[in-house]
Amino acid sequence: MNFELKSLSPSQAAQLNTDTLLVLVPDTQTDKAASGALQELIAGATRLGDLEQGVGKLLSCYRAPGFKASRVLLVRVGDGSAALVRKALTAGLAAVKTAGVKKLGLVLSLFDASNDAVRAAVQCCADATYVYTTTKPSAKARALQQVVVGVSQAAAVRAGFDTGRALITGVEFAKEWANRPANHATPTHLAEAARKLGRLPGLKTDVLGPKQVEALGMGSFLAVAKGSAEPLRFIVLHYNGGPKGSAPVVLVGKGITFDTGGISIKPAAEMDEMKFDMGGAASVLGTFAALAELRPAINVVGLIPSCENMPDGLAVKPGDVVTSMSGQTIEILNTDAEGRLILCDALTYAARFKPHSVIDIATLTGACVIALGGVRSGLFSTRDDLAQALQQAGETAQDLCWRLPLDDEYAEGLKSNFADMGNVAGRAGGAITAAKFLQKFTAELPWAHLDIAGTAWKSGAAKGSTGRPVPLLLQYLIDQADALAAGAGKGAKARTKKAAKV
Ligand code: BES
Ligand code: MN
Ligand code: ZN
């Protein structure tokens, strides 16, 4: 998809030569005296009651007089905030998708569109028209090729526009890998994808195999991988956009390419969805793809422990005790609590980067799905400032999360008679006890954990990856880059090294 940002007055918008013109109409018209085809169409439709008030209400017009586009779609957008732009466009673009529109004009000139609103608009165009085709040759590929975004002042919203385009790259990268079935997305395949990303300017990828992971002493990660014929991979990505020596943000993504549960095997129903158990890994890869495009001035490290969780003659058994890289021993009481077992070693590894912050992202617990559903990801942190920054980034990017507690009492159930800890603590508060387990490996690190079990993919007829939380992560990194630049006295807007180019 090709995006273009233009300064367009309402009368210029009417002259835009596209298949369809989608016009976001605010509740209150800023310039009541304005005339022209677009203003007259809106005024007439409002007067006759054909364009109702209410976000997402729409009126579809065919060959409206004074317009170049044969289809003009008026969509109510309330006050034009980012959240309402998203709501309005989700409604409006559903019509565009079915109509197979190739060239779309998106008019945001009738209100004062913010950077966040423009970003949301760009993102919506991609979300509404995404099609997975890799293993489905019969799927009809995305029809939409070109989008012209018209705003009253292009220069003022260029940053939001560029962020939106980079986000599309990142989100679609994450969706693609998460959607691929497990036989098309093995740890080796993921490592190859990461290697390819590593060839982009500013990026570098290292891939470790079983021997190197064993040499590092990652006994917990190795224990999970043991049951599979697919060799494990430990992927290390670097993005160096910030000043040399500035502490990196480390992103750690759970990369279980298929979770059968292992010897503690899962029931058959919906087990196919466990191909999405590398959603955390996919979001880290997607975030790096977006970083390569946007190039914010910050250093970022990505760590992805990746393997399958399978039952086998060689698989780890309930009751087995393993030694993690940290030296702490773990009694594996349930082999289906495997995410924490691969993450704990990656978190120990993260300390060597002397990070600014460490954020792990994992489809970790069914309990988190019960607690928060598919609206907000679970957020855990030992640091209030980090939790606040992530929560805020989620609000800005409309990729929401919600903080859950980490009281020490929740760790009681992790006690074991045979090891320093067990890997499970019973059903109650399952998302929190999983986070308490991870906390034992983060010592003095500024650490946060995002449980995306409910938000990484959708079930049912719309089954598929959401690409979350790439928007939240990218926003957090942009915010940190801004803070760094401000701290260095360069001014908050010195955040990009180079203008983004698609
Ligand atoms: N990958 C699953 C978590 C999951 C389950 C995500 C369902 C989304 C939907 C994870 O590895 C797992 O199996 N967790 C167990 C932990 C339990 C054994 C303590 C769970 O949530 O049931
Ligand atoms: Mn599991
Ligand atoms: Zn899992």
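Attention in this report is confined to the structure presented alongside it. Throughout, residues of each chain are indexed from 1 in the direction in which the sequence is written. Lettering of chains starts at A and numbering of ligands starts at 1, both following the order in which they are written. Given that this is a predicted model, residues contribute local features only at a pLDDT of at least 70 and side-chain atom pairs are listed and counted only at 80 or more, while totals for whole chains, interfaces and linings are drawn from all residues. Neither water nor hydrogens contribute to the side-chain values; these are computed over all heavy atoms in the structure.

Let's talk about the coordination of the zinc ion (ligand 3)
Link 1 in the chain: Nitrogen, oxygen and sulfur within 2.8 Å of a metal are treated as its donors, or within 3.2 Å for sodium, potassium and calcium (Na, K, Ca); water is not counted, so a site can appear incomplete. Ligation of the zinc ion (ligand 3) by protein atoms is provided by Lys254 (NZ), Asp259 (OD), Asp277 (OD) and Glu338 (OE), these donors lying 2.0 to 2.4 Å from the ion.
Link 2 in the chain: Labels for metal geometry use angle windows, namely 85 to 135 degrees for all angles of a four-donor tetrahedral site, and for square planar (four donors) or octahedral (six donors) sites opposite donors over 155 degrees apart plus all others within 65 to 115; sites meeting none of these are irregular. Coordination at the zinc ion (ligand 3) comes from 6 donor atoms whose angles at the metal span 78 to 176 degrees, giving a geometry best classed as octahedral.
Link 3 in the chain: The motif formed by the donor residues of the zinc ion (ligand 3), counted along the single chain, is K-x4-D-x17-D-x60-E.
Link 4 in the chain: A separation of 3.2 Å is found between the zinc ion (ligand 3) and the manganese ion (ligand 2), which are bridged by Asp259. Of the two residues, Lys254 is situated in the loop between strand 9 (249-253) and strand 10 (255-259) and Asp277 in the loop between strand 10 and helix 9 (279-294); the sequence distance between them amounts to 23 residues.
Link 5 in the chain: Each residue is placed in one exposure class: buried if its accessible area under a 1.4 Å probe, protein chains only, is under 20% of its type's maximum, exposed if it is over 50%, and partly exposed if it falls in between. Residue class for Asp277 comes out buried when judged on its relative accessible area of 2%. Here a helix means four or more residues in a row that DSSP labels H or I, a strand means two or more in a row labelled E, and each is numbered from the N terminus.

Considering the sheet that holds strand 1 (residues 2-7)
Link 1 in the chain: Between any two strands, pairing holds if DSSP finds at least two bridges. Across the sheet, which stays open at both edges, the 6 strands sit in the order 1-6-5-2-4-3 with mixed pairing between neighbours. Since the sheet does not close on itself, it has two edges, and those belong to strand 1 and strand 3 (58-62), each with one partner. Ignoring strand direction, the axes of neighbouring strands in this sheet form an average angle of 15 degrees.
Link 2 in the chain: In the sheet, strand 2 (residues 20-25) pairs with strand 4 (residues 71-76) via 6 bridges, with the strands oriented parallel. Paired with Val23 across the bridge in strand 4 is Leu74.
Link 3 in the chain: The sheet strands contacting helix 3 (residues 82-99) are strand 2, strand 3, strand 4 and strand 5 (103-107), and the helix crosses strand 2 at an angle near 160 degrees.
Link 4 in the chain: Residue contacts follow a heavy-atom distance rule, with two residues in contact if any of their heavy atoms lie within 4.5 Å. Fitting a line to C-alpha atoms yields each axis, with helices limited to the stretch in contact; the angle taken between N-to-C directions then spans 0 to 180 degrees. Lying on the sheet, helix 5 (residues 158-179) is in contact with strand 1 and strand 6 (146-151); it crosses strand 1 at an angle near 170 degrees.

Notes on the coordination of the manganese ion (ligand 2)
Link 1 in the chain: Within the protein, Asp259 (OD), Asp336 (O), Asp336 (OD) and Glu338 (OE) serve as the donor atoms for the manganese ion (ligand 2), at 2.0 to 2.2 Å.
Link 2 in the chain: Because the angles between the 6 donor atoms bound to the manganese ion (ligand 2) fall within 71 to 169 degrees, the donor set is best described as irregular.
Link 3 in the chain: Read from N- to C-terminus, the donor residues coordinating the manganese ion (ligand 2) fall into the pattern D-x76-D-x1-E.
Link 4 in the chain: Take Asp336: its relative accessible area is 22%, and that puts it in the partly exposed class.
Link 5 in the chain: By relative accessible area, which is 1% here, Glu338 ends up buried.

Some thoughts on the pattern of salt bridges
Link 1 in the chain: Criterion for a salt bridge: a side-chain nitrogen of Lys or Arg within 4 Å of a carboxyl oxygen of Asp or Glu. Scanning the model with the defined rule gives 19 salt bridges in all.
Link 2 in the chain: For Arg403, the salt bridge goes to Asp384, with nearest N and O atoms at 3.0 Å. Of the two residues, Arg403 is situated in strand 16 (residues 401-403) and Asp384 in helix 12 (residues 384-397); the sequence distance between them amounts to 19 residues.
Link 3 in the chain: Linking Glu412 and Lys415 is a salt bridge whose minimum nitrogen-to-oxygen distance equals 3.2 Å.
Link 4 in the chain: For Glu412, a relative accessible area of 49% translates into the label partly exposed.
Link 5 in the chain: The class of Lys415 is exposed, set by a relative accessible area of 59%.
Link 6 in the chain: Where salt bridges share partners, they join Lys254, Asp277 and Glu338 into one cluster.

Side note on the environment of Leu404
Link 1 in the chain: Counting through the fold element by element, Leu404 comes out in the loop between strand 16 and strand 17 (421-422).
Link 2 in the chain: Remark: the alpha-carbon pair of Leu404 and Ser377, spanning 27 residues in sequence, is separated by 10 Å.
Link 3 in the chain: Residues in contact with Leu404, not counting those within four places in the same chain, are Leu372, Gly378, Leu379 and Phe380.

Describing the packing of aromatic side chains
Link 1 in the chain: Pairs were defined over the aromatic rings of Phe, Tyr and Trp, the Trp ring being its six-membered one, requiring ring centres within 6.5 Å. Orientation was assigned from the angle between planes: stacked under 30 degrees, edge-to-face over 60, tilted for the rest. Per the counting criterion, the structure on display carries 5 aromatic pairs.
Link 2 in the chain: Judged by centre distance (5.3 Å) and plane angle (40 degrees), the ring pair of Phe437 and Phe441 falls under tilted. As far as the burial class goes, Phe437 and Phe441 line up, both buried.
Link 3 in the chain: Cluster of aromatic residues (ring-pair linked, three or more members): Phe221, Phe234, Tyr349 and Phe353.
Link 4 in the chain: Sitting over the face of the ring of Tyr130, Lys175 holds its NZ or CZ atom 4.6 Å from the ring centroid.
Link 5 in the chain: Here, over-ring charges are defined by two tests on the NZ atom of lysine or the CZ atom of arginine: distance to the ring centre within 6 Å, and angle to the ring normal within 35 degrees. The ring of Trp177 has Arg180 lying over it, and the distance from NZ or CZ to the ring centre is 4.1 Å.

Here we look at the pairing of strand 11 (residues 299-309)
Within a regular strand, side chains alternate between the sheet's two faces.
Link 1 in the chain: Burial runs high along strand 11: 11 of the 11 residues are buried.
Link 2 in the chain: The sheet contact formed by strand 8 (residues 233-240) and strand 11 spans 8 bridges and is antiparallel. When the sheet's bridge partners are listed, Phe234 is paired in strand 11 with Pro305.
Link 3 in the chain: Examined bridge by bridge, strand 9 and strand 11 share 4 bridges and lie parallel to one another. Directly across from Leu251, in strand 11, lies its bridge partner Gly302.
Link 4 in the chain: Relative to strand 11, strand 10 runs parallel, the two sharing 4 bridges. Bridge pairing in strand 11 places Asp259 opposite Asn309.

Observations regarding unusual backbone geometry
Link 1 in the chain: Arg468 connects to Pro469 through a cis peptide bond whose omega is 0 degrees.
Link 2 in the chain: Along the chain, the position of Pro469 falls in the loop between strand 20 (464-465) and helix 14 (470-487).
Link 3 in the chain: Of note in the backbone geometry, Lys354 takes a positive phi value of approximately 45 degrees without being a glycine.
Link 4 in the chain: Its place among the elements puts Lys354 in the loop between helix 10 (339-350) and strand 14 (357-362).

Details of the site of ligand 1
Link 1 in the chain: Taken together, 16 residues lie around ligand 1, and Asp259, Lys266, Asp336, Glu338 and Gly366 are the ones closest in.
Link 2 in the chain: Within the side chain of Lys254, one N or O atom sits 3.3 Å away from an oxygen atom of ligand 1.
Link 3 in the chain: Polar contacts, as used here, are pairs of N or O atoms within 3.5 Å; protein pairs need one atom able to donate a hydrogen and one able to accept it. Residues neighboring in sequence count only if both atoms are side-chain atoms. Contact between ligand 1 and Asp277: a nitrogen atom at 2.9 Å from a side-chain N or O atom of the residue.
Link 4 in the chain: Bound to the protein, ligand 1 loses 77% of the 510 Å² it would expose on its own.
Link 5 in the chain: Residues belonging to the shell around ligand 1 are distributed by class as follows: 5 nonpolar, 4 polar and 7 charged. By convention in these notes, a residue is near a molecule or strand provided one of its non-hydrogen atoms lies within 4 Å of it. All accessible-area figures derive from a Shrake-Rupley calculation using a 1.4 Å probe, and residue coverage is judged against the displayed protein chains alone. Residue polarity is assigned by list, with Asp, Glu, Lys and Arg as charged and Ala, Val, Leu, Ile, Met, Phe, Trp, Tyr, Cys and Pro as nonpolar; anything else, Gly included, falls into the polar class.

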